[in-house]
Amino acid sequence: MTTAAIFVRERTDWAGVLTVVAAGVVAAMQVGKGLIAGPLLQSDLGLDLSALGWITSVFAIVGVVGGMVAGAIVAAAGDRRLLGAGMAMLALGSFAGAATHAFTLLLLSRIFEGFGFLLVVVAGPAILMRLVSTDRRDLVFSLWSCFMPAGMAAAMLIGPFFADWRSIWWSNGLITFASLLSVFLAVSPPRETADSAASFRNDAAETLASRGPVLLFVLFSLFSLMSFTLSSFLPILLVERLNVPLATVGIISAVITLVNVVGNLAAGHMLSRGFARGRLIATAAVLMGASGLWIFLGQSGDVLTVGLCLLFSAIGGVIPATLISSVPILSPRPALAPMAMGLLMQGSNLGQLVGPVAVGTAIELYGWASGAAFIGVGALFCILLSSTLERTLQSKAQRK
């Protein structure tokens, strides 16, 4: 067992915390750049929609396959070292992609970036667990949960200022390299790394046999399914159903993505004041389900529909913040927290991977109303499993 995993701080290292969160935001920008650069990639490389789909979805494929493995590597090699390695892979992948003129090589560079991104999102929470005091844990993890919407929104807002996709790739590589340097300047290394002789198979079996991490995996999969049901087709919905000008779609999409941060931070505040995690999940799922159903089934005007999209995104931020902050509590033991976090990320990427394909097919066959089914089913199961989450947390607390 790693000493660093069970070390308890009396004071939170805020400089280190903010540096790690910033690294997460920069990592998420590498996902968002693939979305905002789509039209530029089409015109320069002659890519069709299927090829563009691979450019954006490859991160999710890597996450589904390697989440728990990344957690094991982080535990064995050291969290700061692996965060740095992940940022280096993102920077090098971005530079390599910018220099290529072939789709195959660009895709390979994106796969390389995908592995770097996975290391960052698993190592980041592991570092935060040793930088934060117990009384600030929920607040800090809610701040960490902002990294994805903040990074995606930043990419959507900054991307249009560049004339070509290669400039986006080069600039993102430089930003990532600068973030890498800040990590080694501001974040202290762990006191010890985990025992490298520990068996991955045994640790994985212990994690999967524990109800808590598996429950978090399922809940995050359901949340991701609901979230990406809307976000994946939001630009098309704005253009086709609401007749929003294409020039305005990027700004509206970025704002809708960014308000997710409101829910992230609100969850941290409520959790630090003692709100029940299961109740927060259930409440957020009810509101997400109601607003999502209205968006897909209703025939409201554009102002109300955009307002409902903002509500859907803002309320949705409560769920990932609550689930991520629950990982240290529900891990079988402290040394397995990185692996449990990796499993959680697998759930996130599973919903991200399956959702757009399934929803896109349903919308193509049955129309926009079919998207409501995915949100409705996801919300219903989140509500049902929220009580199980609360009982699991109570059982864990009683055993301490």
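As the structure is a computational prediction, the values presented were derived from the model and not from experiment. (Residues numbered from 1 in each chain as written. Predicted model: local features only at pLDDT ≥ 70, side-chain atom pairs only at ≥ 80, totals over all residues. Heavy atoms only, no water.)

Caption draft 1: Representation of the packing of aromatic side chains within the structure. All chains considered together, the criterion is met by 5 aromatic pairs. Seen from their ring centres, Trp165 and Trp169 are 5.2 Å apart, and the 90 degrees between their planes marks the pair as edge-to-face. One end of the pair, Trp165, and the other, Trp169, are both in helix 9 (residues 165-186), 4 residues apart, so they sit about a helical turn from each other. Classification of Trp169 as buried rests on a relative accessible area of 0%. The ring centre of Trp169 lies 4.7 Å from the NZ or CZ of Lys33, which sits over that ring. (Phe/Tyr/Trp six-rings, centres within 6.5 Å; stacked < 30°, edge-to-face > 60°. Helix = DSSP H or I, 4+ residues; strand = E, 2+ residues; numbered from the N terminus. Buried < 20%, exposed > 50% of the residue type's maximum accessible area, 1.4 Å probe, protein only. Lys NZ or Arg CZ within 6 Å of the ring centre and 35° of its normal.)

Caption draft 2: Looking closely at the nonpolar core. Membership of the largest hydrophobic core comes to 95 residues, with the highest contact counts inside it found for Phe117, Leu238, Ile295, Leu323, Leu344 and Leu389. Once residues lying within four places of it in the same chain are set aside, the contact partners of Leu323 are Leu216, Leu219, Phe220, Ile281 and Leu344. Within the second largest apolar cluster, 11 residues are counted, among which are Leu41, Leu52, Ile168 and Trp169. (Core = buried A, V, L, I, M, F, W, Y, C linked by side-chain atoms within 4.5 Å. Contact = heavy atoms within 4.5 Å.)

Caption draft 3: Layout of the side chain of Asn264. Looking at where Asn264 falls in the secondary structure, it is placed in helix 14 (residues 260-272). Beyond its immediate stretch of four places on either side in the chain, Asn264 contacts Ser142, Ser145, Cys146, Pro149, Gly317, Val318, Pro320 and Ala321.

Caption draft 4: Seen up close, empty space enclosed by the protein. On inspection of all chains with the given rule, the structure shows 2 cavities of 30 Å³ or more. Lining the largest cavity are Met29, Lys33, Ala155, Ile158, Gly159, Phe162, Ile168, Ser171, Asn172 and Ile175. Sorting the residues of the lining of the largest cavity by element identifies helix 2 (14-36), helix 8 (147-158) and helix 9 as the ones contributing at least two each. When residues of the lining of the largest cavity are assigned to their parent elements, the largest contribution, 4 residues, is made by helix 9. Each residue belonging to the lining of the largest cavity can be placed in one class, and the counts come to 6 nonpolar, 3 polar and 1 charged. Counted as a void, the second largest cavity has a volume near 40 Å³. As for the second largest cavity, its lining consists of Phe59, Val62, Gly63, Gly114, Phe117, Leu118, Val121 and Asn349. Listed by contribution, the elements that provide at least two residues to the lining of the second largest cavity are helix 4 (49-77) and helix 6 (103-131). It is helix 6 that provides the largest number of residues to the lining of the second largest cavity, a total of 4 residues. Of the residues in the lining of the second largest cavity, the class split is 5 nonpolar, 3 polar and no charged. (1 Å grid on protein atoms, 1.4 Å probe; cavity = no way out; pocket = protein on both sides within 12 Å on 5 of 7 lines; lining within 4 Å. Points joined across faces, edges and corners; volume = space filled by probe spheres on them. Nonpolar A, V, L, I, M, F, W, Y, C, P; charged D, E, K, R; others polar.)

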